[in-house]
Amino acid sequence: MTAAPPEAAAFAGFIDLASARLGGKAIVANDEFFAEKENLLKPARAIFLPDEYTERGKWMDGWETRRRRTPGHDWCIVKLGLAGVVHGFDIDTAHFLGNNPAYASVEAIEAPRAATARKLAEDRGWRTVLPRSPLKPGSQNLFGSTEVVRATHLRLNIFPDGGVARFRAYGRVAAEALKPGAGPVDLAAMTNGGTVVAASDMFFGSKENLILPGRSTHMGDGWETRRRRGPGNDWIVVALAAPGRVRKLVIETTHFKGNYPDSCIVEACDAGRAAVDALNASDMKWRVLLPRKKLKPDADHTFARELKNLGAVTHVRLSIYPDGGVARMRVWGDVADASASGARARRGRAGG
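About the thresholds
Starting afresh in each chain, residues are numbered from 1 along the sequence in its written order. In view of the model being predicted, local features appear only for residues whose pLDDT reaches at least 70, and side-chain atom pairs are presented and counted only at 80 or more, with totals across whole chains, interfaces and linings using the full set of residues. Remark: hydrogens and water are excluded; side-chain values derive from all non-hydrogen atoms of the structure. Working definition: helices are DSSP H or I runs of at least four residues, strands are E runs of at least two. Numbering for both runs from the N terminus. Throughout, radius of gyration means the C-alpha value; the globule benchmark is 2.2 Å times the number of residues raised to the power 0.38. Pairs of residues are marked as contacts when any of their non-hydrogen atoms sit within 4.5 Å. Computed by Shrake-Rupley with a 1.4 Å probe, the accessible areas treat only the displayed protein chains as cover when residues are assessed. For this count, His and the chain ends are skipped, Lys and Arg are scored as positive, and Asp and Glu as negative. For the purpose of locating charges, the reference atoms are NZ of Lys, CZ of Arg, CG of Asp and CD of Glu. Working definition: with a 1.4 Å probe on protein chains only, accessible area under 20% of the residue-type maximum means buried, over 50% means exposed, and in between means partly exposed. Under this definition, polar contacts are N or O atom pairs within 3.5 Å; protein pairs additionally need one hydrogen-donor-capable and one acceptor-capable atom, and for neighbouring residues in sequence, both atoms have to be side-chain atoms. In this scheme Phe, Tyr and Trp rings, the latter by its six-membered ring, pair at centre separations within 6.5 Å, and the angle between planes marks the pair as stacked below 30 degrees, edge-to-face above 60, and tilted otherwise. A ring is scored as having a charge over it whenever the NZ atom of a lysine or the CZ atom of an arginine sits within 6 Å of its centre and within 35 degrees of its normal. Salt bridge, as applied in this entry: a Lys or Arg side-chain nitrogen positioned within 4 Å of an Asp or Glu carboxyl oxygen. Take the buried residues of types Ala, Val, Leu, Ile, Met, Phe, Trp, Tyr and Cys, join any two whose side-chain atoms come within 4.5 Å, and each joined set is a nonpolar core.

### What about the overall build of the protein chain?
A count of helices and strands for the protein chain gives four helices and 22 strands. For the protein chain, the C-alpha radius of gyration of 22 Å lies close to 20 Å, the compact-globule estimate for 352 residues. When the backbone C-alpha atoms are referred to their principal axes, the protein chain occupies close to 70 × 45 × 30 Å. The contacts in the protein chain between residues at least 6 apart in sequence include a share of 78% that link residues at least 24 apart. For the protein chain, the computed accessible surface area is about 16,800 Å², with 52% contributed by carbon and sulfur atoms. A gap of 5 Å separates the mean positions of the 51 positive and 39 negative side-chain charges of the protein chain.

### Describing unusual backbone geometry
Cis geometry marks the peptide bond from Phe-159 to Pro-160, where omega comes out at -10°. Looking at where Pro-160 falls in the secondary structure, it is placed in the loop between β10 (150-159) and β11 (163-164). Omega for the peptide link from Tyr-321 to Pro-322 comes to -15°, which places this bond in the cis form. The residue His-95 is not glycine, and still its phi comes out positive at about 75°. You can see His-95 is positioned in the loop between β6 (74-92) and β7 (103-109). In this model, His-255 sits at a positive phi of 75°, which is unusual for a non-glycine residue. Tracing the sequence through the fold places His-255 in the loop between β16 (234-252) and β17 (263-269). Since its relative accessible area comes to 27%, His-255 is described here as partly exposed.

### Some points on the side chain of Gln-140
Note that Gln-140 resides in strand β9 (residues 140-144). A distance of 3.2 Å separates the side chain of Gln-140 from the side chain of Arg-45, its partner in a polar contact. Separated by 2.8 Å, the side chains of Gln-140 and Asp-90 make a polar contact. Residues contacting Gln-140, with those up to four places away along its chain left out, are Pro-6, Glu-7, Arg-45, Asp-90, Ile-91 and Asp-92.

### Let's talk about the packing of aromatic side chains
The tally for this structure, following the rule as stated, stands at four aromatic pairs. Each ring, one from Phe-89 and one from Phe-167, has its centre 6.1 Å from the other, and the planes form 5°; the classification is stacked. Highlighted residues: Phe-89 in strand β6 and Phe-167 in strand β12 (residues 166-173), separated in sequence by 78 residues. Judged by its relative accessible area of 0%, Phe-89 is buried. A ring pair is formed by Phe-203 and Phe-204, whose centres lie 4.8 Å apart and whose planes are at 80°; its orientation type is edge-to-face. Among the residues examined, Phe-203 registers a relative accessible area of 33% and is labelled partly exposed. Against the face of Tyr-103 rests Arg-132, its NZ or CZ located 4.7 Å from the ring centre. When the ring centre of Tyr-321 is taken as origin, the NZ or CZ atom of Arg-292, which lies over that ring, is 3.8 Å away.

### Here's the deal with the pattern of salt bridges
Inspection of the entire model under this criterion finds 23 salt bridges. Between Asp-300 and Arg-215 there is a salt bridge whose closest N-O contact spans 2.7 Å. Of this pair, Asp-300 sits in strand β19 (residues 300-303) while Arg-215 sits in the loop between β14 (195-199) and β15 (223-224); the two residues are 85 residues apart in sequence, bridging distant segments of the chain. Residue class for Arg-215 comes out partly exposed when judged on its relative accessible area of 46%. Among the ionic pairs, Asp-262 bridges to Lys-294, the shortest N-O distance being 2.6 Å. Here Lys-294 lies in strand β18 (residues 287-294) and Asp-262 lies in the loop between β16 and β17, a separation of 32 residues in the sequence. A residue is classified by how much of its surface remains accessible, and Lys-294, at 58% relative accessible area, is exposed.

### Some details on the nonpolar core
Core analysis: the largest hydrophobic core is formed by 64 residues, its most contacted members being Ile-91 and Leu-318. Membership of the second largest hydrophobic core comes to seven residues, among which are Val-237, Cys-269, Met-284 and Trp-286.

### As for the side chain of Thr-253
Within the secondary structure, Thr-253 sits in the loop between β16 and β17. The class for Thr-253 is buried, based on a relative accessible area of 0%. A distance of 2.7 Å separates a polar atom in the side chain of Thr-253 from the backbone oxygen of Lys-296. With near-sequence residues (within four places) excluded, Thr-253 lies in contact with Tyr-260, Pro-261, Lys-296, Pro-297, Asp-298, Ala-299, His-301, Gly-325 and Ala-327.

Take a look at the structure:
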């Protein structure tokens, strides 16, 4: 069994807002002589090729600057894929053993998405969210943010120079609030503010993958549970970006061919702002939105006429039987008036 990476526990419930999978981009660096800044945001862990060299020196899977011979330090500005509130960082120096920076710091800014690299570099509105901190070589260096702020861009500073394999910025999306009357939207989408709050298992694939934007690119880009050897089934709960009436469900088993679920059920509830433990409590009033349906391997399943009219809901629970992998789930619906949600949730918990 493979041990869970340290960031899985340290930043449980958060997503990497800087990930290239979400549109994150390293837009400018003062130096990238040995290795390109774009490597910082690759989703996969860094690799090491012992005999690989370029005309400039040893090939490294990360961002690496030349040896500094003047005062100062090196830096790279990252545009987050999704604007959000950043809670922590992973400054990964994997394979940088004699050439890692001694220290690093991180600054944040909320700027127009179209801001130029030059303007960002010269802006005086940067706020320190991680003071200068020591880095270990060849390690995942995990830090909590010292100031939790909404950001669109981050600046990674390294002292004085060297190489960083990967840079992760863990937090929560701060999307613009969905408003009633805007037409059908994907209420579960991470880009709209949907979040995965709980899952029974995610041994092979992270629960957050279920609501990532775009099509999945391979089997590891979805939510996948281990093989179930006992009774029961697996499930995952998504908090919608806004209360809404569900009009259409799309459940994709893309790339899952010998390990797709046999069938599924989707339930929903109106929980207001209930905590995760309340959602799992026996008195939570889950209602069937989509009755049990067979699933096919490597396919898109669209359900509309089969859905029950439950009115406005705040959470959906996808139950798969008995186990397996689902690439994406889309929950298309109309945004409802949020003020009515809490009253329905209170009535539901009271047994009404």
